[in-house]
Structures are given as C-alpha cells and as structure tokens.
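What the coordinates show
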Amino acid sequence: MSRVRITQLTNRPDFPEPFDHLAGGSVWLVEDVERRITEHQPWKARGADEPPPPD
C-alpha cells in the first residue's frame, strides 16, 4: 500500500484516531484498525480479496 493511499485512509472521518503521535508519525492500535476493517469491509476481515457479487 502506498503512502498516499495510507494518508487518504487515515484522513477519513471514519478512521480511528491515532493512539499516539511520535516523531516518525502517528501510531494506531491494531485492534482499532482491525475493528474498522471488520465494520466497513467485512469480506477483508474474512480473508477475501474483494466483496461478494451483488445479489
């Protein structure tokens, strides 16, 4: 994943707040990021590469 894409994702209002801000950048808790994935992209939480086709 590129830096640009990570910046796009972390700037979204629905992305978790960073746990801390260090000199090298922001730090998120794994649990917070995984919860966001589960809530917003459940197919990725299950290990699929793409969402299921529409019904």
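Above this note sits the structure.
Only a predicted model underlies this, so the values are computations on that prediction, with no experimental measurement involved.

Should their charged atoms come close, side chains of opposite charge can pair. One pass over the full model with this rule turns up 3 salt bridges. A salt bridge links R12 to D14, with the nearest nitrogen and oxygen atoms 3.0 Å apart. Judged by relative accessible area, R12 falls into the partly exposed class, the value being 40%. Measuring nitrogen to oxygen at the nearest pair gives 3.1 Å for the salt bridge that ties D14 to R36. Here the residue D14 occupies a position in the loop between α1 (3-10) and β1 (20-22), and R36 occupies one in helix α2 (residues 30-40), the gap between them amounting to 22 residues. Owing to a relative accessible area of 26%, D14 belongs among the partly exposed residues under this scheme. Each of R12, D14 and R36 takes part in a single network of salt bridges with overlapping partners.

Attention shifts here to the packing of aromatic side chains. In total, this model carries 1 aromatic pair according to the counting rule given. For the ring pair F15 and W28, a centre distance of 5.7 Å and an interplane angle of 80 degrees mean the geometry is edge-to-face. One end of the pair, F15, is in the loop between α1 and β1; the other, W28, is in the loop between β2 (25-27) and α2, with 13 residues separating them in the sequence. A relative accessible area of 13% means that F15 is categorised as buried.

Conventions we followed
- Residues numbered from 1 in each chain as written.
- Predicted model: local features only at pLDDT ≥ 70, side-chain atom pairs only at ≥ 80, totals over all residues.
- Heavy atoms only, no water.
- Salt bridge = Lys/Arg side-chain N within 4 Å of Asp/Glu carboxyl O.
- Buried < 20%, exposed > 50% of the residue type's maximum accessible area, 1.4 Å probe, protein only.
- Helix = DSSP H or I, 4+ residues; strand = E, 2+ residues; numbered from the N terminus.
- Phe/Tyr/Trp six-rings, centres within 6.5 Å; stacked < 30°, edge-to-face > 60°.

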